[in-house]
Amino acid sequence: MKQASLELTVGPVAHGGWCVARHEGRVVFVRHALPGERVIAAVTEETTRFLRADAVEILEASPDRVVPPCPYAGPGRCGGCDWQHATPQAQRELKSQVVAEQLQRLAGLDRKVVVEEVPGAPDGLGWRTRVQFAALPGGELGFRKHRSHDVQVVDACLIAHPEVEAVGAEVHAWPGAAGIEVIASSSGDRAVVVTPRPRRSVTVPDLDAPASVLLDQGKGRTVPRRGSGVLHEQAGDREFRVAGSGFWQVHPGAAETLLDAVLAYAAPEPGEWALDLYCGVGLFAAGLAEAVGPEGAVFGLESEASAVRDARANLRDLPQARVERGRVEEALDRFQIERADLVVVDPPRAGLGRDVVDRIAGLEALRIVYVSCDPATFARDVKWLGERGYALTDLRAFDAFPMTHHVEVVALLSPAGGTPPATSP
């Protein structure tokens, strides 16, 4: 069926890499456009409530528009980047508007937001240290197209870190693979994590640069086929081990930037009792433990078994830090955690949710530091924390994912009126 084309005047930015337009009273979410532009848009999806479309011709361009540096960016091509057609400064302004709009719409808060540049990628390119490729049946690598299972084959990725590109994964075939992840750590380690197709073995090609090779067994488990399978990352003056494809910030400047922001808001004092929920491999727990000292304590919770092992290894010189495995929803009760001086939370994109918000509010902490990679779930949780007596005191936002719609937020929530709320709802 031929796609319908619409002439649209593009309105404000929306969460997810879209801009909002209207056609005959219906909302149209448009990709590859910028606010204020007049475009011809091809409809890609229609529902009873709205349309989705791609801007395929620009009739009147925004002054912030640039030619995308990547030949694979644009309508119908790679879905990995959202804003290659905008200057880096304009991208940060768009993300600022998104965070502010979500806070206003979902939490009822009017707040000016400034998305800050993260050091290490001034042009928005060459920053991604962990890149996941999809593989075609013949072994060619590429990226999924937007809202599609189709794969755009590529021979290079411009947002990939140079040490990722040095492996040369895209120029080789990977017969039997469903996907490949290439990782380059801040200490110089490289790894390739191979996900095989069902009941298939993978032929690993000769790589262009040395790298460990790991086999993904599913559910976060990897086994080394070549090399150790352990990478080492640096943040501040500490080194962190991260096994296989375990979580670490993908922007080379993000881990230290976020750590500094979290500690500034948390303001941990010697002797305090701190919680680090969704603690990963212990980045924030390490900083908290150093600050509270041996007379204080830090309790970390993480659901991923390999991350718990890494966190315990990373914190072994800090006996005041303890990390346990569990889901926050049940583990706070299981470990009988009833109070805390401060709480740091860094949940996945789904956010905390109502039950966890209620449980955290019941800890009567003087400071809650919320790290989020999703403005919508963050704003929703801020509203719920507000209902439990915690006010949004301060907020910083960081462009940890240039060229994409993603943004990282670090926020401080404090008891309204300065006194922790009562434990009962």
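Scope of this entry: the structure provided in the associated data block. Sequence positions are assigned chain by chain, starting from 1 and proceeding in written order. Where local features are concerned, this predicted model is filtered to residues with pLDDT of at least 70; where side-chain atom pairs are given and counted, the filter is 80 or more; whole-chain, interface and lining totals use all residues. For side-chain calculations, the full set of non-hydrogen atoms in the structure is used, while hydrogens and water are omitted.

## Here's the deal with unusual backbone geometry
Moving on, step 1. Unusually for a residue other than glycine, Glu 24 sits at a positive phi of about 50°.
Moving on, step 2. Judged by relative accessible area, which is 75%, Glu 24 ranks as exposed.
Moving on, step 3. For His 32, which is not glycine, the phi torsion reads 65° and is therefore positive.
Moving on, step 4. Remark: exposure states derive from per-residue accessible area (1.4 Å probe, protein chains only) relative to the maximum for the residue type, with buried under 20%, exposed over 50%, and partly exposed in between. Here His 32 falls in the buried class, since its relative accessible area comes to 10%.

## Re the sheet that holds strand β4 (residues 26–31)
Moving on, step 1. In this analysis, strands are considered paired if DSSP registers two or more bridges between them. Strands are runs of DSSP state E lasting at least two residues, helices are runs of H or I lasting at least four, and both sets are numbered from the N terminus onward. The sheet built from six strands is open, its strands ordered β1-β5-β6-β4-β3-β2 with mixed pairing. The sheet is open, and its two edges are formed by β1 (5–9) and β2 (13–14), each paired on a single side.
Moving on, step 2. Looking at chain direction, strand β3 (residues 18–23) and β4 are connected through five bridges and run antiparallel. When the bridges of β4 are listed, Arg 22 appears paired with Val 27.

## Topic: the packing of helix α3 (residues 254–266) against helix α4 (residues 283–292)
Moving on, step 1. Close contact between α3 and α4 brings their axes to 10 Å; oriented N to C, the two are set at 45°. Taken together, the axes of α3 and α4 are oblique relative to one another. The element α3 and its partner α4 pack so that their crossing is right-handed. Where α3 approaches α4, its residues Ala 255, Leu 258, Leu 259, Val 262, Leu 263 and Ala 266 are matched on the opposing element by Leu 283, Phe 284, Gly 287 and Leu 288.
Moving on, step 2. Residues are sorted three ways: Asp, Glu, Lys and Arg are charged, Ala, Val, Leu, Ile, Met, Phe, Trp, Tyr, Cys and Pro are nonpolar, and all the rest, Gly among them, are polar. Classifying every residue of the contact of α3 with α4 gives nine nonpolar, one polar and no charged. All axes here are fitted lines through C-alpha atoms, helices being fitted over the stretch that makes contact, and every angle between N-to-C directions spans 0 to 180 degrees. Note on angle classes: values under 35 degrees are labelled roughly parallel, values over 145 roughly antiparallel, values of 65 to 115 roughly perpendicular, and the remainder oblique. With the far helix as reference, a near helix turned anticlockwise by less than a right angle produces a left-handed crossing, and one turned clockwise produces a right-handed crossing. We call two residues in contact when some of their heavy atoms are within 4.5 Å.

## What about α3?
Moving on, step 1. A helix's residues, less one, multiplied by 1.5 Å, set its expected span. With 13 residues, α3 extends 18 Å from end C-alpha to end C-alpha; this agrees with the ideal 18 Å at 1.5 Å per step.
Moving on, step 2. Turning to α3, its buried residues number three or more, namely Ala 254, Ala 255, Thr 257, Leu 258, Leu 259, Ala 261, Val 262, Tyr 265 and Ala 266.
Moving on, step 3. On its buried face, α3 is in contact with β15 (230–235), α4, β20 (342–345), β21 (367–372), β22 (390–399) and β23 (408–415).
Moving on, step 4. Directly beyond the C-terminal end of α3, a positive phi value near 45° is found at Ala 267.

## Some points on the side chain of Lys 95
Moving on, step 1. Its place among the elements puts Lys 95 in helix α1 (residues 88–107).
Moving on, step 2. The contact partners of Lys 95, leaving out residues within four places of it in the chain, are Val 115, Asp 399, Phe 401, Pro 402, Thr 404, His 405, His 406 and Val 407.

## Some words on the state of the cysteines
Moving on, step 1. Criterion for a disulfide: a pair of cysteine sulfur atoms at a distance within 2.5 Å. Tallied over the entire structure, the rule returns zero disulfides.
Moving on, step 2. Take Cys 78: it sits in no disulfide, and the sulfur closest to it among the cysteines is that of Cys 81, at 6.1 Å.
Moving on, step 3. Take Cys 157: it sits in no disulfide, and the sulfur closest to it among the cysteines is that of Cys 81, at 6.4 Å.
Moving on, step 4. On the basis of relative accessibility, which here comes to 13%, the residue Cys 157 falls in the buried class.

## Description of the packing of aromatic side chains
Moving on, step 1. Under the pairing criterion, centres of Phe, Tyr and Trp rings, with the six-membered ring standing for Trp, must be within 6.5 Å; the plane angle then separates stacked pairs below 30 degrees from edge-to-face pairs above 60, leaving the rest tilted. The tally for this structure, following the rule as stated, stands at eight aromatic pairs.
Moving on, step 2. With centroids separated by 6.4 Å and ring planes inclined at 55°, the aromatic side chains of Trp 273 and Phe 299 adopt a geometry described as tilted. Remark: Phe 299 occurs in strand β18 (residues 297–302) and Trp 273 occurs in strand β17 (residues 273–277); sequence separation between them is 26 residues.
Moving on, step 3. Relative accessible area serves as the criterion here: at 27%, Trp 273 is assigned to the partly exposed category.
Moving on, step 4. Taking the relative accessible area as the measure of exposure, Phe 299 reaches 2% and is therefore buried.
Moving on, step 5. Counting every residue linked through ring pairs, the aromatic cluster contains Trp 18, Phe 29 and Phe 50.

## Digging into the sheet that holds strand β14 (residues 221–226)
Sheets are built from strands paired through backbone hydrogen bonds, the pairs being either parallel or antiparallel.
Moving on, step 1. Strands sit in the order β10-β9-β8-β11-β12-β13-β14 across an open sheet of seven strands; the sheet is mixed. If you trace the sheet from one side to the other, it starts and ends with β10 (151–153) and β14, each paired once. Ignoring which end each strand starts from, the neighbouring axes of this sheet average 35° apart.
Moving on, step 2. Sheet topology note: the strand β9 (residues 141–144)/β10 ladder contains three bridges and is antiparallel. Opposite Gly 142, over in β10, you have Val 153 as the bridge partner.

## Quick look at the environment of Ala 53
Moving on, step 1. Mapped onto the elements, Ala 53 comes out in strand β6 (residues 50–60).
Moving on, step 2. Here Ala 53 falls in the buried class, since its relative accessible area comes to 0%.
Moving on, step 3. C-alpha separation for the pair Ala 53 and Arg 238, spaced 185 residues apart in sequence, amounts to 46 Å.
Moving on, step 4. If we ignore the near neighbours within four places in the chain, the residues touching Ala 53 are Trp 18, Val 28, Phe 29, Val 30, Arg 31, Ala 41, Ala 42, Val 43 and Thr 44.

## Considering the pattern of salt bridges
Moving on, step 1. We define a salt bridge as a side-chain nitrogen of Lys or Arg found within 4 Å of a carboxyl oxygen belonging to Asp or Glu. Counted under the stated rule, the structure contains 27 salt bridges.
Moving on, step 2. Between Glu 272 and Arg 367 there is a salt bridge; the shortest N-O distance is 2.7 Å. Separated by 95 residues along the polypeptide, Glu 272 in the loop between α3 and β17 and Arg 367 in strand β21 bring together distant segments of the chain. The pair Glu 272 / Arg 367 is uniform in exposure class, with both members buried.
Moving on, step 3. In this structure, Glu 324 and Arg 312 form a salt bridge, with 3.2 Å as the shortest nitrogen-oxygen distance. Pair noted here: Glu 324 is in strand β19 (residues 321–325) and Arg 312 is in helix α5 (residues 305–314), with a separation of 12 residues, a long-range link.
Moving on, step 4. The exposure class of Glu 324 is buried, given its relative accessible area of 18%.
Moving on, step 5. A cluster of three or more residues bridged by salt bridges with shared partners is formed by Glu 7, Arg 38 and Glu 60.

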